[in-house]
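# Observations on chain architecture
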2 protein chains.
Amino acid sequence: MDKNRMANRLKLKNTEIDDPFWNGIISTVRNEVIPYQYRALKDEIEGAEKSRCLENFKKAALTVEKIRNGEETPVYECDKWFYDENNSEKGAFKGWVFQDSDLYKWLEAVSYSLINSPDIKLEEKADECISLICSAQLDNGYLDTLYIINDREKGFTNLRDYHELYCFGHLAEAAAAYFEATKKTALLNAACKFADLICDTFGKTKCLGYPGHEIAEMALVRLYRLTGERKYLDCAKFFINQRGAKPFYFDSERNRKTDGKDYIYNQAHLPVRQQNEAVGHAVRGVYLYSGMADVARETEDKTLFDACERIFENIEKKKLYITGGIGSTSDGEAFSFDYDLPNDLAYCETCASIGLIFFAERMLEINPCSHYADVIERALYNTVLSGMAEDGKSFFYVNPLEVNPVACELDSRKRHVKSVRQKWFGCACCPPNLARLISSIGSYCITENENGIFVNQYIGGKFACKNAIVEIKSDYAASGKVKIKITPKKRSVIHLRIPYWCERAEISEKYRLEKGYAVFETEREITVDIDFLVSPVLIGCSNLVSENIGKAAVQRGPFIYCCEEKDNGKNLHLLYFNEKTNFEYKDGFVLADGFRLITDSEGGLYKKYEKPKKEKMKIKLIPYYRWGNRGENEMRVYLNI
Amino acid sequence: MDKNRMANRLKLKNTEIDDPFWNGIISTVRNEVIPYQYRALKDEIEGAEKSRCLENFKKAALTVEKIRNGEETPVYECDKWFYDENNSEKGAFKGWVFQDSDLYKWLEAVSYSLINSPDIKLEEKADECISLICSAQLDNGYLDTLYIINDREKGFTNLRDYHELYCFGHLAEAAAAYFEATKKTALLNAACKFADLICDTFGKTKCLGYPGHEIAEMALVRLYRLTGERKYLDCAKFFINQRGAKPFYFDSERNRKTDGKDYIYNQAHLPVRQQNEAVGHAVRGVYLYSGMADVARETEDKTLFDACERIFENIEKKKLYITGGIGSTSDGEAFSFDYDLPNDLAYCETCASIGLIFFAERMLEINPCSHYADVIERALYNTVLSGMAEDGKSFFYVNPLEVNPVACELDSRKRHVKSVRQKWFGCACCPPNLARLISSIGSYCITENENGIFVNQYIGGKFACKNAIVEIKSDYAASGKVKIKITPKKRSVIHLRIPYWCERAEISEKYRLEKGYAVFETEREITVDIDFLVSPVLIGCSNLVSENIGKAAVQRGPFIYCCEEKDNGKNLHLLYFNEKTNFEYKDGFVLADGFRLITDSEGGLYKKYEKPKKEKMKIKLIPYYRWGNRGENEMRVYLNI
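This is a predicted model, so every value here is computed, not measured.

What counts and what doesn't
- All residue numbers refer to position in the chain's written sequence, counted from 1.
- As a convention, the first chain written is A and the first ligand written is 1, with the rest following in written order.
- Local features in this predicted model are restricted to residues of pLDDT 70 or higher, and side-chain atom pairs are both shown and tallied only at a pLDDT of 80 or more, whereas totals for entire chains, interfaces and linings draw on every residue.
- As a rule here, side-chain values cover all heavy atoms of the structure and leave hydrogens and water aside.
- Helical segments are the DSSP runs of H or I of at least four residues, strand segments are the runs of E of at least two, and each set is numbered from the N terminus.
- When accessible area is computed with a 1.4 Å probe and restricted to protein chains, residues below 20% of their type maximum are described as buried, those above 50% as exposed, and intermediate ones as partly exposed.
- Between two residues, a contact is recorded if the distance between any of their heavy atoms is within 4.5 Å.
- Charge counting treats Lys and Arg as positive and Asp and Glu as negative, with His and both chain ends excluded.
- All charge positions are set by atom: Lys at NZ, Arg at CZ, Asp at CG, Glu at CD.
- Least-squares fitting of one copy onto the other uses the C-alpha atoms of those residues that reach a pLDDT of at least 70 in both copies.
- Whenever a carboxyl oxygen of Asp or Glu lies within 4 Å of a side-chain nitrogen of Lys or Arg, that contact is scored as a salt bridge.
- Pairing of aromatic rings covers Phe, Tyr and the six-membered ring of Trp, with a centre-to-centre limit of 6.5 Å; geometry is then stacked below 30 degrees between planes, edge-to-face above 60, and tilted otherwise.
- Take the number of residues in a helix, subtract one, and multiply by 1.5 Å to get its expected span.
- A strand pair is defined by DSSP finding two or more bridges across the two strands.
- By buried area we mean the combined loss of accessible area, with a 1.4 Å probe, across both parts when two parts are placed together.
- Residues grouped as a nonpolar core are buried Ala, Val, Leu, Ile, Met, Phe, Trp, Tyr and Cys residues, joined through side-chain atoms within 4.5 Å.
- As a rule, the C-alpha atoms of each element are fitted with a line to give its axis, helices using only the stretch in contact, and angles between N-to-C directions run from 0 to 180 degrees.
- Note on angle classes: values under 35 degrees are labelled roughly parallel, values over 145 roughly antiparallel, values of 65 to 115 roughly perpendicular, and the remainder oblique.
- Handedness of a crossing is defined here by the sense of rotation of the near helix relative to the far one, left-handed for an anticlockwise turn of less than a right angle and right-handed for a clockwise turn.
- Residues are sorted three ways: Asp, Glu, Lys and Arg are charged, Ala, Val, Leu, Ile, Met, Phe, Trp, Tyr, Cys and Pro are nonpolar, and all the rest, Gly among them, are polar.
- Any pair of N or O atoms that falls within 3.5 Å is considered a polar contact. Within protein, one atom must be able to donate a hydrogen and the other to accept it, and sequence-neighbouring residues count only if both atoms are side-chain atoms.
- Only a pair of cysteine sulfur atoms within 2.5 Å counts as a disulfide in this structure description.

Counting its secondary structure elements, chain A contains 18 helices and 25 strands. For chain A, the spread of C-alpha atoms along the three principal axes comes to 80 × 70 × 50 Å. Relative to its full complement of 641 residues, chain A shows a buried share of 65%. A sequence separation of at least 24 residues applies to 70% of the contacts in chain A between residues at least 6 apart. Seen as two clouds, the 90 positive and the 95 negative side-chain charges of chain A have centres 3 Å apart.

With that out of the way, let us pick up the relation of the copies chain A and chain B. After a rotation of 180° and a shift along the axis of 0.0 Å, chain A superposes on chain B with an RMSD of 0.0 Å. On the angle and the small slide along the axis, the relation comes out as a two-fold axis.

With that out of the way, let us pick up the pattern of salt bridges. Where charged atoms of side chains with opposite charge meet at close range, the side chains can pair. In total, this model carries 116 salt bridges over all chains according to the counting rule given. As a salt-bridge pair, Arg504(A) and Glu506(A) come within 4.0 Å of each other at their nearest N and O atoms. Across the pair Arg243(B) and Glu217(B) runs a salt bridge, and its minimum N-O distance is 3.8 Å. Pair noted here: Arg243(B) is in the loop between helix 9 (230-242) and helix 10 (249-253) and Glu217(B) is in helix 8 (residues 216-227), with a separation of 26 residues, a long-range link. With relative accessibility at 0%, the residue Glu217(B) sits in the buried group.

Here the focus is the packing of aromatic side chains. For the structure shown, the criterion picks out 74 aromatic pairs over all chains. Geometrically, the ring pair formed by Phe238(A) and Phe239(A) is tilted, given 6.2 Å between the ring centres and 50° between the ring planes. Comparing Phe238(A) with Phe239(A), the two get one shared label, buried. For the pair Trp96(B) and Phe98(B), a centre-to-centre distance of 5.7 Å together with 5° between the ring planes defines the contact as stacked. Taking relative accessible area as the criterion, Phe98(B) reaches 11% and is therefore assigned buried. Members of the aromatic cluster, each reached through a chain of ring pairs, are Phe21(A), Trp22(A), Tyr381(A), Tyr458(A), Tyr476(A), Trp501(A), Phe532(A), Phe559(A) and Tyr625(A).

Residue and element names in this part refer to chain B. Taking 1.5 Å per residue as the helical rise, helix 2 (residues 53-68) with its 16 residues ought to reach 22 Å, and the 23 Å between its terminal C-alpha atoms agrees with that figure. Where helix 2 is buried, its residues contact helix 1 (22-41), helix 3 (100-116), helix 4 (120-135) and helix 5 (145-150). Note on helix 2: the residue one or two positions beyond its end, Gly70, has a positive phi of about 70°.

Residue and element names in this part refer to chain A. One open sheet accounts for 6 strands, arranged 2-8-9-10-15-12; its pairing is antiparallel. Taken across any chain shown, the strands that pair with only one partner, and hence form the sheet edges, are strand 2 (15-17) and strand 12 (506-507). Across 8 bridges, the pairing between strand 9 (residues 468-475) and strand 10 (residues 481-488) is antiparallel. What sits directly across from Ser474, in strand 10, is Val482.

Another aspect to go through is the interface of chain A and chain B. At the junction of the two partners, chain A supplies 62 residues and chain B supplies 62 residues. Taking both sides of the interface into account, the surface hidden between chain A and chain B amounts to around 4,600 Å²; carbon and sulfur atoms contribute 57%. One can count 4 salt bridges joining chain A with chain B. Between Glu579(A) and Lys611(B) there is a salt bridge whose closest N-O contact spans 3.2 Å.

Bringing the nonpolar core into the picture now. If you look at the biggest cluster of nonpolar residues, it comprises 232 residues, and the most contacted ones within it are Trp22(B), Ile315(B) and Leu496(B). Among the elements that make up this core, the one with the highest residue count is helix 13 (residues 350-366) of chain B (11 residues). The contact partners of Ile315(B), leaving out residues within four places of it in the chain, are Ala278(B), Val286(B), Tyr289(B), Leu320(B), Ile326(B), Phe335(B), Leu356(B) and Phe359(B). Within the second largest apolar cluster, 231 residues are counted, among which are Ile17(A), Ile25(A), Ala109(A) and Tyr397(A).

Bringing the packing of helix 4 (residues 120-135) of chain A against helix 7 (residues 186-201) of chain A into the picture now. All names here are of chain A. Between helix 4 and helix 7, the least distance of the axes is 9 Å, while the angle of their chain directions is 30°. Classified by the interaxial angle, the pair formed by helix 4 and helix 7 is roughly parallel. For the pair helix 4 and helix 7, the sense of crossing is left-handed. Residues Ile130, Ile133 and Cys134 of helix 4 touch helix 7, and the partners they reach there are Ala186, Leu187 and Ala190. Residues that form the contact of helix 4 with helix 7 fall into these classes: 6 nonpolar, no polar and no charged.

A word on the sheet that holds strand 15 (residues 526-531) of chain B. All names here are of chain B. With antiparallel pairing, the 6 strands of this open sheet are ordered in space as 2-8-9-10-15-12. Looking along the sheet, the strands with just one partner apiece sit at the ends: strand 2 (15-17) and strand 12 (506-507). Note that strand 8 (residues 461-464) and strand 9 (residues 468-475) share 4 bridges and pair antiparallel. In the sheet register, Lys462 faces strand 9, and the bridge partner there is Glu471.

All names here are of chain A. A cis amide bond, omega -10°, links Lys246 with the succeeding residue Pro247. Assignment of secondary structure puts Pro247 in the loop between helix 9 (230-242) and helix 10 (249-253). Phi angles above zero are rare outside glycine, and Lys183 is one such case at about 65°. For Lys183, the location among the structural elements is in the loop between helix 6 (164-182) and helix 7.

Across its 17 residues, helix 3 of chain B extends 26 Å between first and last C-alpha, which sits within 8% of the 24 Å expected from 1.5 Å per residue. The element helix 3 of chain B is largely enclosed, with a buried count of 16 among its 17 residues.

As a further point, take the pairing of strand 21 (residues 589-597) of chain B. Residue and element names in this part refer to chain B. The element strand 21 is extensively covered by neighbouring structure, given that 9 of its 9 residues are classed as buried. Residues Phe589, Leu591, Asp593, Phe595 and Leu597 point to one face of strand 21 and Val590, Ala592, Gly594 and Arg596 to the other, with burial holding for every one of them. In this structure, strand 19 (residues 575-577) lies alongside strand 21, joined through 3 bridges in antiparallel fashion. Looking at strand 21, one finds that Tyr576 is bridged to Phe595.

Residues and elements named next belong to chain B. Within the secondary structure layout, Asn367 lies in the loop between helix 13 and helix 14 (370-386). Since its relative accessible area comes to 18%, Asn367 is described here as buried. Looking at Asn367, its side chain comes within polar contact range of the side chain of Arg5, at 2.9 Å. Ignoring any residue separated from it by four or fewer positions in sequence, one finds Asn367 in contact with Arg5, Phe305, Glu309 and Tyr372.

The next thing to look at is the state of the cysteines. Residue and element names in this part refer to chain A. Taken as a whole and judged by the stated rule, the model has 0 disulfides over all chains. You can see Cys167 has no disulfide; the closest cysteine sulfur is in Cys53, sitting 8.8 Å from it. As a non-bridged cysteine, Cys541 has Cys348 as the owner of its nearest cysteine sulfur, 13 Å distant.

This part covers the side chain of Glu108(B). All names here are of chain B. Topologically, Glu108 is positioned in helix 3. Looking at Glu108, its side chain comes within polar contact range of the side chain of Tyr112, at 2.6 Å. Not counting chain neighbours up to four residues away, the residues in contact with Glu108 comprise Glu173, Ala174, Ala177, Arg222 and Arg436.

Here the focus is the packing of helix 11 (residues 282-299) of chain B against helix 13 of chain B. Residues and elements named next belong to chain B. Where helix 11 contacts helix 13, the axes come no closer than 8 Å and their chain directions differ by 15°. If you check the angle between helix 11 and helix 13, you find them roughly parallel. Between helix 11 and helix 13 lies a crossing whose hand is left-handed. Taking contact as the criterion, the partners of Ala282, Val283, Val286, Tyr287, Tyr289, Ser290, Ala293, Asp294 and Arg297 in helix 11 are, on helix 13, Cys351, Ala352, Gly355, Leu356, Phe358, Phe359, Arg362, Met363, Glu365 and Ile366. For the contact of helix 11 with helix 13, a count of residues per class yields 13 nonpolar, 2 polar and 4 charged.

Without other data, these values stay purely geometric and don't point to any function.
Given below as structure tokens:
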């Protein structure tokens, strides 16, 4: 941990994206996803599962009012993950335990959107929601509609399973974002008030618990950075330090008797500094690791940072799909063991890749090395974008690398895999998570420190760094060509990331290579022309991944490609790339030389082995993130070779 | 259905096995498995899950005594699949709903064993058990310990889920077998008394139900054949005809409202004559299809037989593993869709392959074509034998084609796959099923009709057919060489099956080929020398099975081979056969020319594709059925090519 090397991302308000690839996606989020999600929160979308999110806040506000008036409030059952509207009393909480967070995530996305595109009507809607949230908060600061409505005595009694500290984390993230966007303090005050209660409740001489679903850790650090309130950092550190400590806190909650193995799902099986491997629920994992990185940086805790590095390396070298997906098993939406990366059974939750970006970004800021930004790019341009339909109206929760619709329908092992994007989910974490990431993409492009700047993502726009103005004209996604104008206020070291897929780059400035960056210094305004010489390439996978023996995928620039039935016919498993495949690229797709095995459906199952019969074909591939936009069909990322 | 071609298997008492391969297996069953299972039924095996089977019969007998004495009997809960001993009252039924059948299957195995190897002490034990069973039967003939102990009012009220008609089926099979073995009638009388009650209860003007788990159908036909009691056949036919008829009987049982899709698991989604595909729980399926074949034969019902043929063809051509396993998904222990034959996730229950043998044997008798006997051979020499350890002391329930112990431990999708055989199961269907099949293997070797005989399985021994004595000296399993002496009583047509794997056979008699048999006629004693010219062969799989693209397996004679870590090191997925592999065979194993990919564990996951680096090796393979006898390790049937 070299403090002199550490860098910071830019504040979103100091960035202004203008990029031929990203403009459309950002405006889809602004014009489609955010309004659509607002309607979802209000249960106005026909045919979609009800959210009940705003309804819960209204019920909680009513409860708070009754308490203030000294009226009695009913008590409802409070020990489930999901409160079905048909099986619970009318006045009770409805939906998932973490339902509140949907509104917070939406508010966070709205905040980022407002920073770059002011919108009075949208801000009014947000203010209304915030006022509702504030009116639902108890006087002591507690704010979780499940427990407020159903049974206030039960607050903080099942940290492992029920998500009040998770909801707090999203509240704090939203509050910080909304303050940054509008300077309005209502939501921030509510978040701080809840944070104060949490700081009063948890600690060495107080409750020894910590969140079952992480995010509060990084949210508390964000609040600390914004307010300067040291106790928020201390509380985040406390949560991090307590996790996995013996005796296991989660055991004490419900008289559970375990050897801690059950807590792998929550990353609480071992003290975090002893963890070497990414395990358990993937979203929880990367949220925890992000919080660990934050605390390590703020407290200059090298041992903690070392754990982050070991875990990041484990993900990058052994648990990362070529598409930037993580969490290969549907059982617990979790990391599997090293090199277990099945293509068809993959879970690869959209949220997990978003969380991986959070983790990688923090690592990149602490220790600027291009491979962290490479992982961000891999996740962003593939699994994250795949999460949303091109029209912004449907979403993938799960992002497999191989889909056969017949199997999704008939094979229960693949029931988590959808062959078309869904309109909305009852458990709607992914769409608003996508919205908040894409609306804030500007702050993932450049990091800076006293000595200079790091261009990490080649997204076009204008970036106001402390010591320089950076203007990027980017055709990176289409052609790999980028023009960067840098106007420094003082002599600055400029770092331009050489993407991991780049075999040869033409850069108009003379540079040296350092930790994956092309590096040079300048004190005058310069314009650098870059050509990363994009072309389609066959990518092989480590042969320790048993699934991918004898297979290869195609990559062009930051995009992993895939093959769809619409373009190539049924039974994609019969397709082979030629070992020396020639590629053609046009209009956004790639044509590859290959062949198809000839099928013999009459021949029975087993025969003396013969060299397979085949016919030549041109295999048409499209970027992975665009799959499933033309109706239900087969899809494969890896083909035989 | 040509009545003149139909044939019958020999009665077990007319067969006497003496075979260098099978003698050991049969004596293991006799000396190890049968005594071990008796101890299991009595809960005398330390460390194994309790069966509670005999205990339930004792409780039921006590209840019956109380009823006869006019005493009151308690009523216990009666609506679960499993009655945990810790969570139910002391006097109540314990274990699985189908627990009674374990004793019946054991008695059936004992019967077959007694036929070929009389054993007074064993017979005494069986008689004791039978006396206990008889004392547990209600005066009206009803006999199912769950309902007798817990709540007699509830009998026959949940045919879909609870297994009383299944238990009846196994009772009838055991009773017929024990009568054949000993001529003792006690158990047969009990079975007939229960059958009579069932005939009185079910029928067009009576209860319209049918078994949720099939077997009663074929058992009733067996009782009919033994006793000549026509109503048993009628009842079997009724069950077959009712299955899947609208309105769905299972709907009426519990006010279920379905479109019948839920009943795919029970093969009750459609009338059986409209079924074209093997679906649902695999064991249930093949037991049903066996019963359908029996009824089709006895009632000369061509439409029903046609359905059997379509379903058999569907299994053979689209749903059969190379090892003779069926039921490729653990979800519902069921058939999956066509060509979905995953190697690692395979279920392939031992019992399902045993049931497939029952089905194939019936088809073979109705329409003697070698491919039915081929399927029997494939299942018998591979999946069935794999079910039992070489010492007879542990068993596989699930028979995968690819095992990585790490995945079995850490990947919940593979939790059904065990990497070593288990001592005993709470749900102990497979070990006693294995015991009854292997003890009766003599009756699967030869079928006969008025015109002649069919030698279907080349197992050595003496076979007393109606019109001929057949003596087989067999080295089939080891070398493919067989000597058959036939002493006919009249001019007979002799059919010798040419196994499906045989590329060229040397047969000392002149023959013509007919439906897969070498056929000739004789009226004098002759000795035929056969050499099926066994040698290891690479077998390819239809490329419609996506799992096996670019892979091949090795077969030698009836045995499919596999590759174990003990012989070939870790990471078996790295092994390749040469396309023109040379084989060496010695001491029961096969050596194949191949190579291993060189691993690069430091290289990260993704790189520009390069032709894989490899090193030559000799791949050592052992027969599949012998895998897992040397401790936990990786195993694969299919390797790359």
